[in-house]
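Remarks on the overall topology
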Amino acid sequence: AVTTTDMRYLQVNDKYCDILGYPRDELLALSVKDVQKPGGVEESVESRHKLISGELTYSFREKQLMRKDGSPVWVALSTSLVRDGNGAPKHFITVAEDISERKQAEEALKESEEQFRQLAGNIPQVFWITDVAQKNTLYVSPAAETLIGRPLEEVRANPRVLIRAIHEEDRTRVYTARKTAMAGSYDETFRIVRPDGSIRWVHDRAFPVHDAEGRVYRIAGIAEDVTDRKFAEERLMQLAHYDVLTSLPNRVLFYDRLRQVLAQARRNQWTVGVMFIDIDRFKNVNDTLGHAVGDKLLQQVSERLTQSVRSGDTVGRLGGDEFAIVLSDLATAQDANLVAQKIMASFHEPFKLEGAEVYVTASIGITLYPNDSTEQDTLIKNADAAMYRAKAVGRNSYQFYTPEMNARALEILSMESSLRHALDRNEFLLYYQPKASIADGGVVGIEALMRWQHPERGLVSPLEFMPVLEETGLIVPVGEWVLKTVCAQIKAWERAGARTMPVAVNLSARQFSAQDLGPTIQRILEEYQVDPALIELEITESSIMTNPEEAAHTLEYLEKLGVSLSIDDFGTGYSSLGYLKRFPLGSLKIDHSFVRDLTTDVDDATITRAVISMAHSLGLKVIAEGVETESQLAFLAEYGCDEIQGYYFSRPMAAEECGAWLKEGRRLQRAALVADSSAPVVLLVDDDDNALMLVKRALAKDGYRILTAQSAHEALTLLRDHHVDVVISDQHMPGIPGVEFLQRVKTLFPKTVRMMTSGYTDFLTMTEAVNKGEIFRFLPKNLSEEALRADVREALRARAEAAANNGRFVAPGTVGK
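Scope of this entry: the structure provided in the associated data block. (Residues numbered from 1 in each chain as written. Predicted model: local features only at pLDDT ≥ 70, side-chain atom pairs only at ≥ 80, totals over all residues. Heavy atoms only, no water.)

**Quick notes on the overall build of the protein**
Definition in use: Numbered from the N terminus, helices here are DSSP runs of H or I no shorter than four residues, and strands are runs of E no shorter than two. For this measure, only C-alpha atoms enter the radius of gyration; the expected value for a globule follows 2.2 Å times N^0.38, where N is the number of residues. Between buried and exposed lies partly exposed: a residue is buried under 20% and exposed over 50% of the maximum accessible area for its type, with that area taken using a 1.4 Å probe on protein chains only. Contacts were defined at the residue level, with two residues in contact if any of their heavy atoms lie within 4.5 Å. Surface accessibility in these figures is a Shrake-Rupley result with a 1.4 Å probe; residues are shielded only by whichever protein chains are displayed. All tallies of charge rest on Lys and Arg as positive and Asp and Glu as negative; His and the ends of each chain are not included. By convention, the charge on Lys lies at NZ, on Arg at CZ, on Asp at CG and on Glu at CD.
Summing up its helical and strand segments, the protein has 32 helices and 31 strands in all. In summary, the protein has a C-alpha radius of gyration of 42 Å against a globular reference of 28 Å for 817 residues, an excess of more than 25%. If one aligns the C-alpha atoms of the protein with their principal axes, the spans along those axes are about 140 × 70 × 45 Å. Expressed as a percentage of the 817 residues in the protein, the buried residues total 47%. For the protein, long-range pairs separated by at least 24 residues make up 59% of all intrachain contacts whose partners lie at least 6 apart in sequence. Accessible surface for the protein amounts to roughly 40000 Å². Of this, 49% is attributable to carbon and sulfur atoms. Computed over 94 positive and 117 negative side-chain charges, the separation of the two mean positions in the protein equals 1 Å.

Right, dumping it as structure tokens:
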């Protein structure tokens, strides 16, 4: 039976109902007091008070209860207290056994020894009688044979057999306790070991037997096999304190262990570490491989965590994919650092699940006693805050707690509270940023960008509030508001006479995974009577790849609806070309992180070119976001990017200003893409001032515009900011050699003709550079002025021919004169 702390029944099983003779519904309407005999309530109340105070771990008593029909029934009651996660009393669990038969046997024993023997031979309890000194066993009931696994004759012939059967770890305790039998206070539970090695639990009690004159002349006892009940109690204890899946301590036991360790730490002046561990992207495993595989992953994670700590430390599972560790008696804070590194190293090896290898990482938060706090609850909160900080900095890391983390956590809580009211208070607003065609400069679309006008903080960056909207789920109603606002604005621009064009709306991962996404969008479009072709939905690459199969169904529904679809932030996720071919996408956006450095970073330039080529091969339009400079625009135009978006063309604007742009027909000026061709630009790169001056003086006679740089880094900056026709670099440059520098120029600025000079003859290096196309021509430094000017003129002719053929310059493979 399960009862409340005020002794009312919460749950009862069929056997309990049978014992008391009540239907379940009637019994659940009663309290323990209602089935007590008069005068029996006080004993029950007292024992429960002792359980709550901690004086007892469990209570066992035998007493008479009243059945529904008014008849008494003897029961053996074993009661345990279950506490909640904070250690507060939650409810009692009582195991009841009908012992009426045994009680009747005990009464019969008092009336007649013969009747006792007859009865004793037919019940499972073992009855025994000894003399007052308990040296001679006068009687043992037949049940002893079953209990200890030895023939009854052997037991009766050698009374010491009973003592020797007691487990050696319990024997001294039982022997000492039996000395109290004359006072009637012997009551022990212990183990016995059978000849086959199996162990049984026995509950043994004894009471004095008085003769006619009131003197004690016998000791009688009852031994009962309580193994099943003991295992049931242990199982209840296991369920109450250990996680069923991993067998680690659960939240209740973990907090209790932490409390005990902190008490020891106060006495012994220990340093204690508390760690919170969260499995990164565990939801992806559950969603893609199923919950059964997710459970196996948690089991393997628990094993690796346990292997990463000492035997005296505690690893617990707090729920879901959250684990915690108590590191007791640390020598220094560095020890916690080493444990964190050991845990992260254990995650480097794949987890083998259902024949597949799965890689996951962990985010770990660490706090220390007494450095950070001496209070248990505060330490737990600190470790949690540090763990969330580890997630915020990119996951797969560990962070030690700092006071600023709690301040940040409070700030996020405050922001969440404010965001819950922001929609009702009309604090959100939309800005609009046009997109331009590189081919003709016309505006081809607009992206709606959300802003939050906080009443106290002013305009809040989306980088601050968007993650909070996503985490709390508020992004769903806010996203619906965005789409409604965009539809209303499209109609407003139409009424104002502005040219209509598609408006892009970003869908978060939470929105994209919603089951009613398609019907919701359809309802809003119909409500505002907006042509679906005027809405473009931008979905992040990671959102699509979380569950590609489900994403395909959602995208097909949206395509049939008539809206256009685009992948946002492309290159930051893990897309498969096979999946991209299956999705009904119209365009993809190159993430601004690649665009930002594409004129100075070879890797970004290579990735950008590859993305453009791949997208076009799949029939997708390419938009580059974050374009801020003319050199970025020139690069994108060179490799066929279709559209740009960024500050170079337009900043995000309020709706009224954007409407004015549309009415005016603003355009991306093509003049910005073409350099002034009246004077070719030559860039000279050499760390020798005299060499620079001689070459500059010679080429100035031909009217070129001359730029100079004394390092590769300085030269790359000039190339980024200026249109350069020819670059001439010395081979022996500090830092980056000339060949390597010109290789970068070839990747970043392929239309620029590349030439190299050197005062030393390294024919192999020069030949290889020419053959690979890194340089157009090698110019020895002792070359005559006339020959130098002739080579530059030839380089410019080659560049002009390449431009006329609408192709990039290719070095002809010639080594100097």
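There is more to say, and it comes next.
**Focus: the side chain of D131**
Here is the rule we go by: Whenever a carboxyl oxygen of Asp or Glu lies within 4 Å of a side-chain nitrogen of Lys or Arg, that contact is scored as a salt bridge.
Position of D131 relative to the elements: it lies in the loop between strand 6 (126-130) and strand 7 (137-140). Within the buried core, D131 has no salt-bridge partner, and the shortest N-O distance to an opposite charge, that of R218, equals 7.5 Å.

**Concerning helix 11 (residues 251-268)**
In plain terms, the rule: Multiplying 1.5 Å by the residue count of a helix minus one yields the expected span of that helix. Think of a polar contact as two N or O atoms within 3.5 Å of one another; within protein, one of them needs to be a possible hydrogen donor and the other a possible acceptor, and neighboring residues in sequence only count if both atoms come from side chains.
With 18 residues, helix 11 extends 25 Å from end C-alpha to end C-alpha; this agrees with the ideal 26 Å at 1.5 Å per step. Among the residues making up helix 11, those that are buried are L253, F254, Y255, L258, V261, L262 and A265. Measuring from the side-chain oxygen of the N-cap residue of helix 11 to the backbone nitrogen of V252 gives 3.2 Å; that N-cap residue is N250. Following helix 11 by one or two positions, Q269 has its phi on the positive side, about 60°.

**Some thoughts on the sheet that holds strand 28 (residues 705-709)**
The condition is simple: Strand pairing is assigned whenever DSSP identifies at least 2 bridges connecting the two strands. In this analysis an axis means a line fitted to C-alpha atoms, helices contributing only their contacting stretch, and an angle means the value between N-to-C directions, from 0 to 180 degrees.
Spatial strand order, 28-27-29-30-31: 5 strands in an open sheet with parallel pairing. Both edges of this open sheet fall to strand 28 and strand 31 (777-780), since each of them pairs with a single strand only. Each strand of the sheet is rotated relative to its neighbour by a mean of 20°, with strand direction disregarded. In this sheet, strand 29 (residues 726-730) lies alongside strand 27 (residues 681-685) in parallel orientation, the contact comprising 4 bridges. Bridging across to strand 29, V682 finds its partner in V726. Contacts from helix 28 (residues 689-700) reach strand 27, strand 28 and strand 29 within the one sheet, and its direction differs from that of strand 27 by about 165°.

**Examining the side chain of R205**
Within the secondary structure layout, R205 lies in strand 9 (residues 199-210). The exposure class assigned to R205 is buried, which follows from its relative accessible area of 11%. Ignoring any residue separated from it by four or fewer positions in sequence, one finds R205 in contact with E62, R102, W128, Y186, D187, A220, G221, I222 and E224.

**As for the packing of helix 20 (residues 517-528) against helix 22 (residues 548-561)**
Definition in use: By definition in this entry, angles of less than 35 degrees are roughly parallel, angles greater than 145 are roughly antiparallel, angles of 65 to 115 are roughly perpendicular, and the rest are oblique. Whether a crossing is left-handed or right-handed is set by the direction in which the near helix is turned from the far one by less than a right angle, anticlockwise for left-handed and clockwise for right-handed. Residues are sorted three ways: Asp, Glu, Lys and Arg are charged, Ala, Val, Leu, Ile, Met, Phe, Trp, Tyr, Cys and Pro are nonpolar, and all the rest, Gly among them, are polar.
Put simply, helix 20 and helix 22 touch, their axes get as near as 9 Å, and they point 15° apart. One way to sum up the angle between helix 20 and helix 22 is to call them roughly parallel. Pair helix 20 / helix 22 crosses with right-handed handedness. Judged by residue contacts, L517, G518, P519, I521, Q522 and L525 of helix 20 engage T554, Y557, L558 and L561 from helix 22. Among the residues making up the contact of helix 20 with helix 22, the classes are represented as 7 nonpolar, 3 polar and no charged.

**Describing the packing of aromatic side chains**
Which entries qualify depends on this criterion: To pair, rings of Phe, Tyr and Trp, with the six-membered ring standing in for Trp, must have centres within 6.5 Å; the planes then decide the type, stacked if under 30 degrees apart, edge-to-face if over 60, and tilted in the middle. The criterion for a charge sitting over a ring is simple: Lys NZ or Arg CZ within 6 Å of the ring centre, and within 35 degrees of the ring normal.
Counted under the stated rule, the structure contains 11 aromatic pairs. Between the aromatic rings of F428 and W481, the centroid separation amounts to 6.0 Å while the plane-to-plane angle is 45°, which identifies the pairing as tilted. Of this pair, F428 sits in strand 18 (residues 428-437) while W481 sits in helix 18 (residues 475-495), placing them 53 residues apart in sequence. An aromatic cluster is defined as three or more aromatic residues linked by ring pairs; in this entry it consists of F428, W452, F465 and W481. The positively charged end of K230 is found above the aromatic ring belonging to W201, 4.6 Å away from the centroid. Geometry around Y431 places R451 over its ring, the cationic atom sitting 5.7 Å from the centre.

**Description of the pattern of salt bridges**
Going through the model one piece at a time under the given rule, you end up with 46 salt bridges. Of the charged contacts, one joins K68 and E26 as a salt bridge, the two residues approaching to 3.0 Å between their closest N and O atoms. Placement of K68 in the loop between strand 3 (58-66) and strand 4 (72-83) and of E26 in helix 2 (residues 24-28) is noted, with a sequence separation of 42 residues between them. Residue class for K68 comes out partly exposed when judged on its relative accessible area of 44%. Between R310 and D313 there is a salt bridge whose closest N-O contact spans 2.9 Å.

Taken by themselves, the reported measurements are silent on function.
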